[in-house]
Amino acid sequence: MIKTVNGGVCAAKGFTAGGVHCGIRKNRTKKDLAMIFSETPASCAAVYTTNLVKGAPLTVTKRHISDGRARAVICNSGNANTCNSDGIEIAEKMSELTAEALNIDPEDVVIASTGVIGQKLDIEPIANGIPKLVESLSENGGRDAAEAIMTTDTRVKESAVEFTIGGKTCRIGGMAKGSGMIHPNMATMLVFITTDAAISSEMLELALKNDISGTFNMVSIDGDTSTNDMVTVLANGEAGNPEITSDGEDFAEFMRALNSVTVCLCRMIAGDGEGATKMLECTVSGADDLDCARVVAKSVICSSLLKSAMFGSDANWGRVLCAIGYSGADVNVEKIDVSFKSAAGEITVCKNGAGVDFSEDEAKKILLESEIEILVGLNSGTESASAWGCDLTYDYVKINGDYRT
């Protein structure tokens, strides 16, 4: 049984976190430096953006956790430390300062940055802020850390669950940031996950890679893949369960718990897209295979025309069919059904690839809700998949028109 709990990245035993304002961002009311710390050595796994332009922190982190171990995460917001001539040097310095303050090895530090691309990152405010940040670390510091990694996010994104492995109570908690430049491939935004379950770094990496293909890789806000996207998981074994070193029921239960957290974070990210007024979830059922279901769901969620229609609460179902048609998936168009669903009800708008009579007023009422489900039935097989996104609004252009200035 998987149960939702509070605490975010501090829900798991042996983890503390904190967040402070150190001066990277001009607004003193906004935290801009976050830390997560494991009291004991932890297994670590990560996935990274596939963008050829990568932030320096990703390069350094990948090298640091090549041994599958880590103890701390340091992350700043307000500056992405990307496309800087001294980016690697700054990232390494961040890890050295963190390690010195925590009395750990610099190679055991995960480094992340988020914010504007192509601007020099001054190490001084970070160096001055780390002592205060370390002092702030606590078992109740998860929310402060989650606030400190936000950029254009409008709300904190945290999730945690409790489950049982080998008779031991285990927990997984996570925090995320992401609002724009979200169209991932092998990673997404910045996501930090902690667990007190005992699991080898090899199985942790397998769990993460298996999970993101159906979660974070199925989120799209605007079609732009960020340069700094990273998902990291630390597992310190403090729960005391028999270490998971191979496939089996314990690993399956761990995967289910991990998925509960990641799906929750996906929905939060999608609902907080830049300028968004609605969270969209496209669920495709009846596909011949899983890849087909995922391709169709992602294509619908990525359609700018469909996203615009959802903003206007317009049941323009033809845009759903259009997105399926150019997705590249091998589907029988004459079998496709489409419905729109929300807290206000559900309405069928397409049957067997053709329109059906429906009440525009009823459809409008359904689409005025803040969470909309787009249900696509391919009626050709048994596989299903979901993708998450948001509507496309005037405010998205306003936010990105002056993001840097």
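Above this text sits the structure in question.
Throughout what follows, the structure given in this document is the object of discussion. Keep in mind that this is a model prediction, so the values were computed, not measured. (Residues numbered from 1 in each chain as written. Predicted model: local features only at pLDDT ≥ 70, side-chain atom pairs only at ≥ 80, totals over all residues. Heavy atoms only, no water.)

1. Things to note about the environment of Asn400
Now for step 1: For Asn400, the position within the fold is in helix α11 (residues 394-401).
Now for step 2: Once the C-alpha coordinates of Asn400 and Met268 are considered, the two residues, 132 residues apart in sequence, prove to be 20 Å apart.
Now for step 3: Here Glu274 takes part through its side chain, which lies 2.7 Å from a polar atom of the side chain of Asn400. (Helix = DSSP H or I, 4+ residues; strand = E, 2+ residues; numbered from the N terminus. Polar contact = N/O pair within 3.5 Å; in protein donor to acceptor, adjacent residues only side chain to side chain.)

2. Digging into helix α5 (residues 201-212)
Now for step 1: Spanning 12 residues, α5 covers 17 Å between terminal C-alpha atoms, matching the ideal 16 Å at 1.5 Å per step.
Now for step 2: Looking at the buried side of α5, the elements it contacts are β3 (33-48), β9 (230-235) and α6 (249-271). (Expected span 1.5 Å × (residues − 1). Contact = heavy atoms within 4.5 Å.)

3. Describing the pairing of strand β14 (residues 371-377)
Now for step 1: Relative to β14, strand β10 (residues 279-287) runs parallel, the two being bridged by 7 bridges. Across the sheet, residue Glu281 finds its bridge partner in β14, namely Glu373.
Now for step 2: Alignment of strand β11 (residues 337-342) against β14, held across 5 bridges, turns out to be antiparallel. Pairing of Ser339 across the sheet is with Leu375, part of β14. (Pairing = 2+ DSSP bridges.)

4. Looking at a negative patch on the surface
Now for step 1: On the surface, Asp288, Asp289, Asp291, Asp330 and Glu383 cluster together into a negatively charged patch.
Now for step 2: Here Asp289 shows up in the loop between β10 and α7 (290-302).
Now for step 3: Owing to a relative accessible area of 37%, Asp289 belongs among the partly exposed residues under this scheme. (Patch = residues over 30% accessible without salt bridge, like charges linked within 9 Å, V, L, I, M, F, W, Y side chains within 5 Å. Areas by Shrake-Rupley, 256 points an atom, 1.4 Å probe, with all protein chains shown as cover. Salt bridge = Lys/Arg side-chain N within 4 Å of Asp/Glu carboxyl O. Lys, Arg positive; Asp, Glu negative; His and termini not counted. Charge placed at Lys NZ, Arg CZ, Asp CG, Glu CD. Buried < 20%, exposed > 50% of the residue type's maximum accessible area, 1.4 Å probe, protein only.)

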